[in-house]
Amino acid sequence: DGGITQSPKYLFRKEGQNVTLSCEQNLNHDAMYWYRQDPGQGLRLIYYSQIVNDFQKGDIAEGYSVSREKKESFPLTVTSAQKNPTAFYLCASSISAGQGIYGYTFGSGTRLTVV
Amino acid sequence: AQSVTQLGSHVSVSEGALVLLRCNYSSSVPPYLFWYVQYPNQGLQLLLKYTSAATLVKGINGFEAEFKKSETSFHLTKPSAHMSDAAEYFCAVSESDMRFGAGTRLTVKP
């Protein structure tokens, strides 16, 4: 079955460390997205990519970086510049960006905790 | 700019009672509207979507939503709540990208 796989499910980071969250999809979707979820704040867009080798900042990109070298993969790096990284991170994909009718498919998330 | 507002961050109902989760949208063009459900420590799962084909949309798990343009609303309902419906529900609107509401946590009391 097609879907989105996020790994790891739980991740612990020490202060000052960079960590990378994995997101892989086998849906042949062009667009991929990273969201951050905090209690009571809904989903906030970090970065999105409409096509391979291209990505754009979302609403809260500071302290994060991404790459899109393959259509299937859209890893997110949480850098040491992110002051409050503890959150639940969700990856999503859609058939095509700008095509609102299709909706998004979500991965099962990664919970990142700073220790 | 498109946006959605979910009225009520927490809703509590008794098992077997009507579920009503409220969502109002703002959009400059006829919108595509979605409801997603999220169980603890999981991703979002699509419940239903409105794409202008019909104003009453039926989704999974017995949920439905009605698009009311005059009220700019897309409220989610279920006639009889089940314990397994306890989760967080997100309304979303999509023009070129998708914007989510803050979510409503549904609690079902036995």
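The residue numbering used here restarts from 1 in each chain and proceeds along that chain's sequence as written. The order in which chains are written sets their letters, starting at A; the order in which ligands are written sets their numbers, starting at 1. pLDDT decides what is reported in this predicted model: residues at 70 or higher carry local features, side-chain atom pairs at 80 or more are listed and counted, and totals for whole chains, interfaces and linings draw on all residues regardless. Working from all heavy atoms in the structure, the side-chain values ignore hydrogens and water.

## A few points about the overall build of chain B
The cut-off we apply is this: Each helix is a run of H or I in the DSSP string that is no shorter than four residues. Each strand is a run of E no shorter than two, and both are numbered from the N terminus. Based on C-alpha atoms, the radius of gyration is set beside the globule rule, defined as 2.2 Å times the residue count to the power 0.38. Here, two residues are considered to be in contact whenever any of their heavy atoms come within 4.5 Å of each other. Working definition of accessibility: Shrake-Rupley area with a 1.4 Å probe, residue cover restricted to the visible protein chains.
Summing up its helical and strand segments, chain B has zero helices and eleven strands in all. A globule of 110 residues ought to have a C-alpha radius of gyration of about 13 Å, and chain B, at 13 Å, matches this closely. Dimensions along the principal axes, computed over C-alpha positions, put chain B at roughly 40 × 25 × 20 Å. Restricting the contact set of chain B to residue pairs at least 6 apart, pairs at least 24 apart contribute 55%. Of the accessible surface of chain B, which amounts to about 5,200 Å², a share of 52% is contributed by carbon and sulfur atoms.

## Some thoughts on the overall build of chain A
Under the convention used in this document: We call a residue buried when its accessible area falls under 20% of the maximum for its residue type, exposed when it is over 50%, and partly exposed in between, using a 1.4 Å probe and counting protein chains only.
Looking only at helices and strands, one finds zero helices and eleven strands in chain A. For chain A, the succession of helices and strands along the chain, N to C, is β-β-β-β-β-β-β-β-β-β-β. Taking 115 residues into account, the globule formula puts the C-alpha radius of gyration at 13 Å, and chain A, at 13 Å, falls close to it. Each principal axis of the C-alpha atoms in chain A carries an extent, and together these give about 40 × 30 × 25 Å. For chain A, the proportion of its 115 residues judged to be buried stands at 46%.

## Let's talk about the sheet that holds strand 1 (residues 4-7) of chain A
All names here are of chain A. What counts here: Strands are labelled as partners when DSSP assigns at least two bridges between them. Angles here are taken between N-to-C directions and fall from 0 to 180 degrees, while the axes themselves are lines fitted to C-alpha atoms, restricted in helices to the stretch in contact.
Within the open sheet, the four strands sit side by side as 1-3-8-7. Their pairing is antiparallel. The sheet is open, and its two edges are formed by strand 1 and strand 7 (64-66), each paired on a single side. Taking each pair of neighbouring strands and ignoring which way they run, the sheet shows an average axis angle of 20°.

## A word on unusual backbone geometry
Backbone torsion omega between A:S7 and A:P8 reads -10°, so that peptide bond is classified as cis. Looking at the secondary structure, you find A:P8 in the loop between strand 1 and strand 2 (10-13). In this model, A:N28 sits at a positive phi of 60°, which is unusual for a non-glycine residue. Along the chain, A:N28 turns up in the loop between strand 3 (19-25) and strand 4 (31-37). The class of A:N28 is exposed, set by a relative accessible area of 58%. Even without being a glycine, B:N61 presents a positive backbone phi close to 60°. Of note, B:N61 is situated in the loop between strand 6 (56-58) and strand 7 (64-68).

## Things to note about the nonpolar core
One broad rule of soluble globular proteins: the nonpolar side chains tend to lie buried together. Test applied: In plain words, nonpolar cores are sets of buried Ala, Val, Leu, Ile, Met, Phe, Trp, Tyr and Cys residues tied together by side-chain atoms within 4.5 Å.
Of all hydrophobic cores here, the largest spans 26 residues; its most connected members are B:W35, B:L47, B:L48, B:F74, B:L76 and B:Y89. For this core, the secondary structure elements donating two or more residues are strand 2 (10-14), strand 3 (19-26), strand 4 (32-38), strand 5 (44-50), strand 7, strand 8 (73-78), strand 9 (87-94) and strand 11 (104-109) of chain B. Other than its neighbours up to four places away in sequence, B:F74 contacts B:C23, B:L33, B:F34, B:W35, B:L48, B:Y50, B:V57, B:A65, B:E66 and B:F67. Counting 19 residues, the second largest nonpolar core, distinct from the first, contains A:I46, A:A61, A:L76 and A:L112.

## Overview of the interface of chain B and chain A
Here is the rule we go by: In this description, buried area is defined as the sum, over both parts, of the accessible area (probe of 1.4 Å) that is lost when the two are combined. Think of a salt bridge as a Lys or Arg side-chain nitrogen and an Asp or Glu carboxyl oxygen that are within 4 Å of each other. Polar contact criterion, stated in full: a pair of N or O atoms within 3.5 Å, where within protein one must be able to donate a hydrogen and the other to accept it, and residues adjacent in sequence count only if both atoms are side-chain atoms.
On the chain A side, the residues contacting the 20 residues of chain B number 23 residues. Of the roughly 1,600 Å² buried at the junction of chain B and chain A (both faces included), carbon and sulfur atoms supply 52%. Interface area lost by chain B to chain A is led by B:N41, B:L44 and B:F100, which between them contribute 32%. Linking chain B with chain A are one salt bridge. As a salt-bridge pair, B:R99 and A:D59 come within 2.7 Å of each other at their nearest N and O atoms. Taken together, the links from chain B to chain A amount to six residue pairs in polar contact (both at pLDDT 80 or more).

So far we have only geometry, and geometry alone does not tell us how the molecule works.
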